[in-house]
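Observations on the three-dimensional arrangement
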Amino acid sequence: MIDGESSKAELLRSNKCSSGQYQSYSYVYFMKISKVFTAKRHAKLELKVEICTIRLNDLLRVKKIPKPSGLPVFHFLKCVTLSHLLQGSCLSLTLAEQCAEFNNQEFMGRVYDWEPFTEVGLEQQCELTCRPVGYRFYVRQAERVRDGTPCANNTPNDVCVGGRCLSEGCDGVLGSGLVRDRCGMCGGGDGTCERVTGSFLNTSVPLGYHKILNIPPGATAINITERRASPNYLALRSGTGQSVVNGRWAVDPPGEYQAGGTTFLYSRPKTGPQEQGEERGETLTAPGPTTAQLQLYVMENPIAAPPVSSSASSPPFSFPSSSSSSSSSSVSDRWPQERPRPQGLGPNRNARIPPRTDLPLDNQPVFVWRRGALTECTATCGKGSQYREIVCVNRHTEQEVHERRCDSATKPAPEEELCNVHPCPPFWDMGSWSECSVSCGWGVQQRHIQCRQSFGNRSTMVHPQRCSSLTRPNATQPCHPRVCSHWEISTNWSTCSVDCGVGKRSRSVRCVSDHGNTVNDRECSDRLRPQRTEDCHMGPCVTNWYFTDWTNTCSAMCGPGVQRREVVCLTGGGRREGDGGVECGGEKPADMKACNGGPCTPTHLWYTGPWGQCNAACGSGTQRRDIICVRKAGSDFTVSAASECSHLEKPSPVQPCELQPCTPQWFTTEWSTCSRSCGEGVQTREVRCLTADKQHNAACDLDSKPAHERTCNTIPCSPFEDENCKDRRHNCVMVVQARLCVYSYYKTACCASCTQSAQRAKRH
């Protein structure tokens, strides 16, 4: 053992990562040959070092730390998954860590804990946008994230470099946009290979392995699909006869299998009662290109085999037809009955296999349509129908995602499937009950009873013997609609509704029980009900004038007036004939006449005007109205002295009024005298918020508060000050405003102010 290898082995055993991760060390170096590490583990670690070296040297500028012996040494920070390595995360901080660097920094007067905010547009994917934990606002903390950080809202292999989101192309260059075509060529256009497709369908082959085709070297984009789920299994072996998938009558689990220089993905429908009726069967897919010939078989069970379709892009090779597949199955085409099964060919299901960098990239869509669970059957028996749901899944993980991730143009149409085709059990079909045989008292009801059985979407009458095991329902039952009653005519016919012509007359008819009590009409038979109304003929009608009595009072309380009455032309039957009495004979009677209420005596009375507005802007107040004494003589009114109405009760001229409640408002004092006579002084005043009862309050609107201070006397003072010319009175501003400077007394007492006023007058 080489010196130092025991310590490396101990370090490897003591620093294990979780499942799906690779071990990283603080200081690790590798030799081409090591007796400590197994070949498999050494290759895995070497792959990791190679990837990190390329990515970090080209992308993240990782330093190679020279070891004293001169060997290259790589510094890794922690255990990371392969996807993190591909993203360059083995040295780059995550978004959460970059946002957390601002946790101890004050923002807007507070300190927050920050977390990434990824709901941003495509142009902001590489900006460091964070939001405080528990808050709804977000902040751009930096114009760009650190190089190597995964792009927000994108696939895991896209990283940010220099503030731009770049994808690694198949040429290993970030942002090149090159992908491998179906022929495995980087940046190709599918022109270096040809597409080979075919189907295998044969239901007459016996139990065992049966060869379908040879997959030649150089094949790419291989896809073998069982079109419908069945008990059969797809099998694959190498050209030398070595088993790859489902060999020697053993069924391998779904997963990835290495064969012919490429990786085959083997999948089958999920088992379980919820997956019954799965339409799609097993699949074998590989990106290629293959480096050796492979052989595809189907392991047949006694149940008929479904068709198997295959497609690949490769150089030309033969593909057997349906008929030749069964007839040409010789001993050499069948799977060897006895041969050693190689050990360790199946993949380790608990370890993640890193993708091979020497293979072309898989350019098939990540999200594809799958047929999911079946809908509920439309019938429990007798042949119903159901549909299989179409869901969008990640074809690598088979996890269901939102349907907008899949191409809507390729979504398959739902297909109807039959279900519950077994016949339904027979049953007694009961018709509706007939009416009671009597209208009152006790009678009998009947209904039709049939033995029926459902087939498909309809039911058919069958022989009653099929329902012999079921209890036959009753075909009759007693009924009692109501107590027997009868109609009774309680009154004679009334008089006719008109005096002439055709009218109506009526009488009272009631339903009476056998005990003489009046009951509801529903208790008696409508068919036997006596007629309640009938027509009556009063002879031909004659047209004539009809009028009312004169009104009892004259239209005027005193003096001349009129009395009125209604006059109308009617027929004897009550119908009004024409307009203006054209049909009536003779002259129309008068509808008014003169009357006199006697001589008019003047009277005095109080006249009240309308109420005025309330004298308060809010709260309680009063409102007033005018009260005058007037003299009324007939229909004439004249204003009289109030003493003429003194014998009458005078209405009140004032009444209380209520408005909305008063709110506090601002009160101010007068402005104080200016603090300076020139050169911009200051005036102040007191501002108070008072309620309606003049109490201090703090509820006034601050936006409408009057100013407490203002400037005054902004005229500049004279640049030359005379010690003998000063203002000796505090009210010199008012002296200037009142123009009293012309008097010697004021000119001396307010010398400075009067002098400045005189100078201003000269300038203007």
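Owing to the predicted nature of the structure, the values given are computational and were not obtained by experimental measurement. (Residues numbered from 1 in each chain as written. Predicted model: local features only at pLDDT ≥ 70, side-chain atom pairs only at ≥ 80, totals over all residues. Heavy atoms only, no water.)

Moving on: the sheet that holds strand β40 (residues 603-608). Judged by pairing direction, the sheet is antiparallel, and its three strands sit side by side in the order β40-β42-β43 without closing on themselves. Edge positions in the sheet fall to β40 and β43 (636-640), since each has one partner strand and no second. Recorded for the sheet is a direction-independent mean angle of 40° between the axes of neighbouring strands. Two strands pair when backbone bridges link them, and β40 and strand β42 (residues 627-633) are joined in this way by six bridges, in the antiparallel orientation. Within β42, the residue paired with Trp 606 across the bridge is Cys 629. (Pairing = 2+ DSSP bridges. Helix = DSSP H or I, 4+ residues; strand = E, 2+ residues; numbered from the N terminus. Axes fitted to C-alpha atoms, helices over the stretch in contact; angles between N-to-C directions.)

Core analysis: the largest hydrophobic core is formed by 20 residues, its most contacted members being Ile 215, Ile 222, Ile 224, Leu 236, Phe 264, Leu 284 and Leu 296. Every element with two or more residues in this core is listed here: β13 (208-215), β14 (220-226), β15 (233-238), β16 (243-245), β17 (255-259), β18 (262-267), β19 (283-286) and β20 (294-300). Tyr 112, Trp 114, Cys 130 and Cys 151 belong to the second largest nonpolar core, which has eleven residues in total. (Core = buried A, V, L, I, M, F, W, Y, C linked by side-chain atoms within 4.5 Å. Buried < 20%, exposed > 50% of the residue type's maximum accessible area, 1.4 Å probe, protein only.)

Okay, the side chain of Thr 290 next. The residue Thr 290 is located in the loop between β19 and β20 in this model. A polar contact is formed between the side chain of Thr 290 and the backbone oxygen of Pro 216, at a distance of 2.8 Å. Once residues lying within four places of it in the same chain are set aside, the contact partners of Thr 290 are Pro 216, Pro 217, Gly 218, Ala 219, Ile 222, Gly 260 and Thr 262. (Polar contact = N/O pair within 3.5 Å; in protein donor to acceptor, adjacent residues only side chain to side chain. Contact = heavy atoms within 4.5 Å.)

Before going further, it helps to spend a moment on the sheet that holds strand β28 (residues 449-455). One open sheet holds the three strands; their spatial order is β26-β28-β29, and the pairing between them is antiparallel. Edge positions in the sheet fall to β26 (427-430) and β29 (458-461), since each of these pairs with one other strand and no more. Strand after strand, the sheet turns through a mean of 50° between neighbouring axes, direction not considered. The sheet contact formed by β26 and β28 spans four bridges and is antiparallel. Looking at the pairing, Phe 427 lines up with Arg 452 of β28.

Here the chain averages 75 in pLDDT, and 75% of its residues register 70 or above. When pLDDT is averaged over each helix and strand of the chain, the minimum, 32, is found for strand β1 (residues 21-22) and the maximum, 93, for β18. In this model residues 1-91 is a low-confidence stretch, pLDDT under 50, and it forms 130 contacts with partners more than four residues away in sequence or in other chains. pLDDT under 50 marks residues 272-278. Its contacts with residues more than four places away, or in other chains, come to ten contacts. (pLDDT = per-residue confidence, 0-100.)

The buried fraction of strand β8 (residues 128-132) amounts to four of the five residues, a majority that puts the element mostly inside the structure. Here strand β7 (residues 114-116) runs beside β8; their pairing, made up of three bridges, is antiparallel. Paired with Trp 114 across the bridge in β8 is Pro 132. Bridging between β8 and strand β9 (residues 139-142) involves three bridges; their strand directions are antiparallel. By the bridge assignment for β9, Cys 130 is matched with Val 139. What sits between β8 and β9 in their antiparallel hairpin is a turn of six residues, with Gly 134 showing a positive phi close to 90°.

Considering all chains together, one arrives at ten aromatic pairs under this definition. Summarising the aromatic geometry, the rings of Phe 107 and Phe 137 are spaced 6.5 Å apart at their centres and angled 20° between planes, so their arrangement reads as stacked. Placement of the pair is Phe 107 in strand β5 (residues 106-107) and Phe 137 in the loop between β8 and β9, with a sequence separation of 30 residues. Ring plane angle 5° and centroid distance 4.2 Å describe the contact between Phe 117 and Tyr 138, whose orientation is recorded as stacked. Pair noted here: Phe 117 is in the loop between β7 and β8 and Tyr 138 is in the loop between β8 and β9, with a separation of 21 residues, a long-range link. Taking the relative accessible area as the measure of exposure, Tyr 138 reaches 48% and is therefore partly exposed. Among the aromatic residues, those joined into a ring-pair cluster are Phe 107, Tyr 112, Trp 114, Tyr 135 and Phe 137. The ring of Phe 547 carries the charged tip of Arg 565 above its face, separated from the ring centre by 4.5 Å. (Phe/Tyr/Trp six-rings, centres within 6.5 Å; stacked < 30°, edge-to-face > 60°. Lys NZ or Arg CZ within 6 Å of the ring centre and 35° of its normal.)

In this structure, Thr 543 sits in the loop between β35 (533-537) and β36 (544-547). Expressed as a C-alpha distance, the spacing of Thr 543 and Cys 569, which sit 26 residues apart in the sequence, is 7.1 Å.

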